[in-house]
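A closer look at the structure
The residues making up each chain are set out below.
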Amino acid sequence: MTRVDRLFVHVHELVTLADGSPTGARRGAAMRQLGVVDDGAIAVRDGRIVATGPTDEITREYRAAEELDLSGFVVLPGFVDAHTHPVFARTREHEFHMRCAGADYMAIAQAGGGILSSMRAVRETTLDELTATTLSNLQGFPAHGTTTIEAKTGYGLSLLDEEKSLRALAAAMAESPLTVKRTFLGAHEFPPEYRQDREAYVRLLCEQMLPQLAPLAEYCDVFAEPGVFDRAQSERILTAAKASGLRLRVHADEISPMGGAELAVALGADSADHLGRISDEGIRQLAASQTTGVLLPGTIFFLGKDTYAPARRMIEAGCAVAIATDFNPGSCYTQSMTLIMTIACVRMKMTAEEVITAATINPAFSLQQDHEVGTLHAGKRADFVALDIPSWRAVGYAFGGNPVALTVKNGIPIVANVAEQNPDVFGGGPAVA
Ligand code: NIG
Ligand code: FE
């Protein structure tokens, strides 16, 4: 008999993903190997998974002072959202309704709305205020079952305002239970003071912002898009970022094709994101690389477009495919990975098994967190989510509500959405810790 801190028992279906390798991206048919334990249990000590297995086996071997009964729930590894923009000061609902009335996303941006409108709001905001809105944005993620995120700046667009954004993010992270990986996105748009001299902004990014701000982030990202940062500018910025010690992610081939995926692969980026317009050659190169394709179907849905990334062709070609929310005030205002899973099934024809893999181990790999999270292998962090759905096969199918019953981070329940309905199981604890 071994003592542990906590036991989670009688999980209706425990999806461990532990049939496959604990680390590395899963490609092709390996995206469909879930490793499901019926009436499963998880033993947790010091925030890490000690063992998973059938409840009768686990309770024979392990004892804990605290035992939580998860009967009726499906447990998955905590979601890893590898593409978010939570450092903003104000929402932009008016633009959403303008688009619904027929306006185009890029046209709104060119008229001073879009990213520049968020830039003005961030520039007008103090560090303390920006920290508070960022923290409140972060809080929406665990409420929807997410335990690890990547978080980008990119609404400051000056040395001072990008520094303020990175400091706000660091301060918000310190108050949040989430694991957060930080991305500097000073190359999100050209700010108004450099629109007539774009070369000068690229130089500012490469020569001052990146060297000075690199210690405050793990990654650098560029919005590589015709009309924003072109291929040559994107390459210069990403190369300077690497020289400053940052790893790379790229907004690639989102709206118009630009060889963004090929650029991401050539520079050894950890991810190429969006990819609605990825070329056949881009798919081929991505499949032969360690760069994860992070698909953001919520954005295409929310913008009312039809250019979803060709997920089926990418999976069949052997690309490492992940899905993410792209949570931001303009093009996708949701923190719900389960909603993104539904859109990925309906519009990109991914299977339930594939969207589960694409929301857990593959994005964890893209953030170098696959040794820590993304599957429920023994030794990893005890980060998982209990969903109130009939079976793992209902992933994607159940939509429009929040199916998250419990989010567990480092072995500790941090969100208990059903506390009131089921006080015996959850001790009537706080809705969000
Ligand atoms: O990923 N494409 C650029 N960046 C965001 C949108 C940001 C915004 O509209 O505020 C995106 O969709
Ligand atoms: Fe984005």
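None of the values given here were measured: they were computed from a predicted structure.

Taken domain by domain, the protein holds domain 1 (2–78 + 374–416) and domain 2 (79–366). The C-alpha-based centres of domain 1 and domain 2 are spaced at 29 Å. Counting residues at the interface gives 33 residues for domain 1 and 41 residues for domain 2. Counting the contacts that link domain 1 with domain 2 gives 1 salt bridge. Residue Glu 354 pairs with Arg 32 through a salt bridge whose shortest N-O separation is 2.7 Å. The tally of links between domain 1 and domain 2 comes to 13 residue pairs in polar contact (both at pLDDT 80 or more). Of all the elements in the fold, those that place two or more residues in the side of domain 1 that touches domain 2 are strand E5 (74–77), strand E14 (384–387), strand E15 (404–409) and strand E16 (412–416). When residues of the side of domain 1 that touches domain 2 are assigned to their parent elements, the largest contribution, 4 residues, is made by E15. Of the residues that constitute the side of domain 1 that touches domain 2, the class distribution is 19 nonpolar, 8 polar and 6 charged.

Glancing now at the packing of aromatic side chains. Scanning the model with the defined rule gives 9 aromatic pairs in all. Summarising the aromatic geometry, the rings of Phe 190 and Tyr 201 are spaced 5.9 Å apart at their centres and angled 65° between planes, so their arrangement reads as edge-to-face. With Phe 190 in the loop between strand E8 (179–187) and helix H7 (198–213) and Tyr 201 in helix H7, the pair connects residues that are 11 residues apart, well separated along the chain. A residue is classified by how much of its surface remains accessible, and Tyr 201, at 0% relative accessible area, is buried. Here the aromatic rings of Tyr 194 and Tyr 201 are separated by 5.4 Å at their centres, their planes lie at 40°, and the arrangement is tilted. Every member of this aromatic cluster is reached through a ring pair, and the members are Phe 88, Phe 141, Phe 327 and Tyr 333. It is Arg 249 that lies over the ring of Tyr 219; its NZ or CZ is 4.7 Å from the centre.

In the vicinity of ligand 1 there are 16 residues, among which Arg 92, Tyr 105, Tyr 155, His 188 and Ser 331 approach most closely. The contact in question runs from a nitrogen atom of ligand 1 to an N or O atom on the side chain of His 188, over 2.7 Å. At 3.0 Å from an oxygen atom of ligand 1 is found a side-chain nitrogen or oxygen belonging to His 274. Computed on the free molecule, ligand 1 has an accessible area of 330 Å², of which 100% lies beneath the protein chains in the complex. Among the residues forming the shell around ligand 1, the class breakdown is 4 nonpolar, 9 polar and 3 charged.

A few words now on the confidence of the model for the protein. When pLDDT is averaged along the protein, the result is 95, and 96% of the positions lie at 70 or above. Here helix H16 (residues 423–426) is the element of the protein with the lowest mean pLDDT, 53, and strand E13 (residues 321–323) is the one with the highest, 99. pLDDT under 50 marks residues 428–433. Its contacts with residues more than four places away, or in other chains, come to 11 contacts.

A few words on helix H13 (residues 337–348). In terms of residue burial, H13 counts as a mostly covered element, since 9 of its 12 residues are buried. Within the span of H13, buried status applies to Met 337, Thr 338, Ile 340, Met 341, Thr 342, Ile 343, Ala 344, Cys 345 and Met 348. Looking at the residues trailing H13, positive phi occurs at Lys 349, about 60°.

This brings us to the nonpolar core. Nonpolar side chains in soluble globular proteins generally cluster together in the buried interior. Counting residues in each nonpolar core, the largest one holds 106 residues, and the members touching the most others are Ile 237, Leu 275, Ile 323 and Met 350. Broken down by element, the residue count for this core peaks at 8 residues, all from H7. If you count residues domain by domain, this core takes at least three from each of domain 1 (2–78 + 374–416) and domain 2 (79–366). Setting aside its immediate chain neighbours within four residues, Met 350 contacts Met 31, Ala 311, Arg 312, Ile 315, Val 321, Ile 323, Ala 344, Cys 345, Val 355 and Ala 358. Counting 19 residues, the second largest nonpolar core, distinct from the first, contains Leu 14, Phe 73, Val 75 and Leu 406.

With 13 residues, helix H8 (residues 231–243) ought to run about 18 Å at 1.5 Å a step, and its terminal C-alpha atoms sit 18 Å apart, in line with that. Turning to H8, its buried residues are Gln 233, Ser 234, Ile 237, Leu 238, Ala 240 and Ala 241. Taken down its axis, H8 places every buried residue within 160° of arc, on the same side. Within H8, the exposed residues directed more than 90 degrees away from the buried face are Ala 232 and Ala 243.

Quick look at the sheet that holds strand E7 (residues 146–152) now. With respect to topology, 8 strands assemble into an open sheet ordered E6-E7-E8-E9-E10-E11-E12-E13, the strand pairing being parallel. The strands lining the two open edges of the sheet, one partner per strand, are strand E6 (79–84) and E13. Within this sheet the neighbouring strands show an average axis-to-axis angle of 25°, counted without direction. Sheet topology places strand E12 (residues 292–295) next to E13; 3 bridges connect them, and they run parallel. Looking at E13, one finds that Leu 295 is bridged to Ile 323. Here helix H6 (residues 159–175) sits on the sheet in contact with E7 and E8, set at roughly 170° to E8.

Parameters and conventions
- Residues numbered from 1 in each chain as written.
- Chains lettered and ligands numbered in written order.
- Predicted model: local features only at pLDDT ≥ 70, side-chain atom pairs only at ≥ 80, totals over all residues.
- Heavy atoms only, no water.
- Domains from an automatic or database assignment.
- Contact = heavy atoms within 4.5 Å.
- Salt bridge = Lys/Arg side-chain N within 4 Å of Asp/Glu carboxyl O.
- Polar contact = N/O pair within 3.5 Å; in protein donor to acceptor, adjacent residues only side chain to side chain.
- Helix = DSSP H or I, 4+ residues; strand = E, 2+ residues; numbered from the N terminus.
- Nonpolar A, V, L, I, M, F, W, Y, C, P; charged D, E, K, R; others polar.
- Phe/Tyr/Trp six-rings, centres within 6.5 Å; stacked < 30°, edge-to-face > 60°.
- Buried < 20%, exposed > 50% of the residue type's maximum accessible area, 1.4 Å probe, protein only.
- Lys NZ or Arg CZ within 6 Å of the ring centre and 35° of its normal.
- Near = heavy atom within 4 Å.
- Areas by Shrake-Rupley, 256 points an atom, 1.4 Å probe, with all protein chains shown as cover.
- pLDDT = per-residue confidence, 0-100.
- Core = buried A, V, L, I, M, F, W, Y, C linked by side-chain atoms within 4.5 Å.
- Expected span 1.5 Å × (residues − 1).
- Arc of directions from axis to C-beta.
- Pairing = 2+ DSSP bridges.
- Axes fitted to C-alpha atoms, helices over the stretch in contact; angles between N-to-C directions.

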